[in-house]
Amino acid sequence: MAASTAPTAAGANAVNLEQSFNNKNMSSELNNPTQQDVHFMNEAIRLADESVERGGGPFGAVIVKDGAIIAGSSNSVTLDNDPTAHAEVNAIRQACRNLNTFCLKGCVIYTSCEPCPMCLGAIYWAGIDRIYFANTREDAAAVNFADGFIYNELERPLNQRSLPIIPLLRDEALHTFRYWAEKTDKTAY
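Residues numbered from 1 in each chain as written. Predicted model: local features only at pLDDT ≥ 70, side-chain atom pairs only at ≥ 80, totals over all residues. Heavy atoms only, no water.

> What should I look at first to understand the packing of aromatic side chains in this one?
The geometry of an aromatic ring pair comes down to the distance between the two centres and the angle between the two planes. Evaluation of the coordinates by the stated rule reveals six aromatic pairs. Between the aromatic rings of Phe-40 and Tyr-110, the centroid separation amounts to 5.3 Å while the plane-to-plane angle is 50°, which identifies the pairing as tilted. With Phe-40 in helix α2 (residues 35–54) and Tyr-110 in strand β3 (residues 107–113), this residue pair connects regions lying 70 residues apart in the sequence. Exposure remark for Phe-40: the relative accessible area of 4% places this residue in the buried category. Their ring planes at 90° and their centres at 4.9 Å tell us that Phe-59 and Phe-145 sit as a pair that is edge-to-face. Of this pair, Phe-59 sits in the loop between α2 and β1 (60–65) while Phe-145 is found in the loop between α6 (137–142) and α7 (148–155), placing the two residues 86 residues apart along the sequence. Given a relative accessible area of 15%, Phe-59 falls into the buried group. Residue classification places Phe-145 among the partly exposed residues on the basis of a relative accessible area of 35%. Within the aromatic cluster, the residues linked to one another by ring pairs are Phe-102, Trp-125, Trp-180 and Tyr-189. One residue, Arg-137, lies across the ring of Tyr-151, its end atom 3.9 Å from the ring centre. (Phe/Tyr/Trp six-rings, centres within 6.5 Å; stacked < 30°, edge-to-face > 60°. Helix = DSSP H or I, 4+ residues; strand = E, 2+ residues; numbered from the N terminus. Buried < 20%, exposed > 50% of the residue type's maximum accessible area, 1.4 Å probe, protein only. Lys NZ or Arg CZ within 6 Å of the ring centre and 35° of its normal.)

> Quick question: what am I supposed to make of unusual backbone geometry here?
Leaving glycine aside, a negative phi is the common case for residues, and trans is the common case for peptide bonds. A positive phi is found at Asn-81, a non-glycine position, where the angle reads about 50°. You can call Asn-81 exposed: its relative accessible area is 70%. The residue Asn-144 is not glycine, and still its phi comes out positive at about 70°. By the secondary structure assignment, Asn-144 is in the loop between α6 and α7.

Right, dumping it as structure tokens:
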């Protein structure tokens, strides 16, 4: 009879305790910002202030790698007539250009406000390691930047969302995914 590779109850409890300990240590580390963290957040807040002075939205972000700011930007939605020109997205675009890469692993973003769903998605896709934010989404909602409805929409099935999202021509489009899957010289991301 082969030996079982499944963890015992005692082993599983030990793993859970270790994960809990590691999470507490990480939580403790995250709750104790360094002077450098404070400096970088102050820079994001300064960019947000400058944005308001220029007629942009009250949001700023900086991206840091190896202790140095590699990108900093603010919200330019109304200045650029671009609804995707949030501070975090602008900073990600700038960081990617500056580093000549689409992958920002090893980077940290400091943003003057908790990222909206679009920015959060962009941060995940960029591979950024950590997010620090100042204002909360509730603070943003208090000055008419409410994105709670988007979070709520994402939890609903497609046919129950307020914006019609209609599948169309899936079978015809699947060939492109098969082509991508079979392509041997692609740059995966």
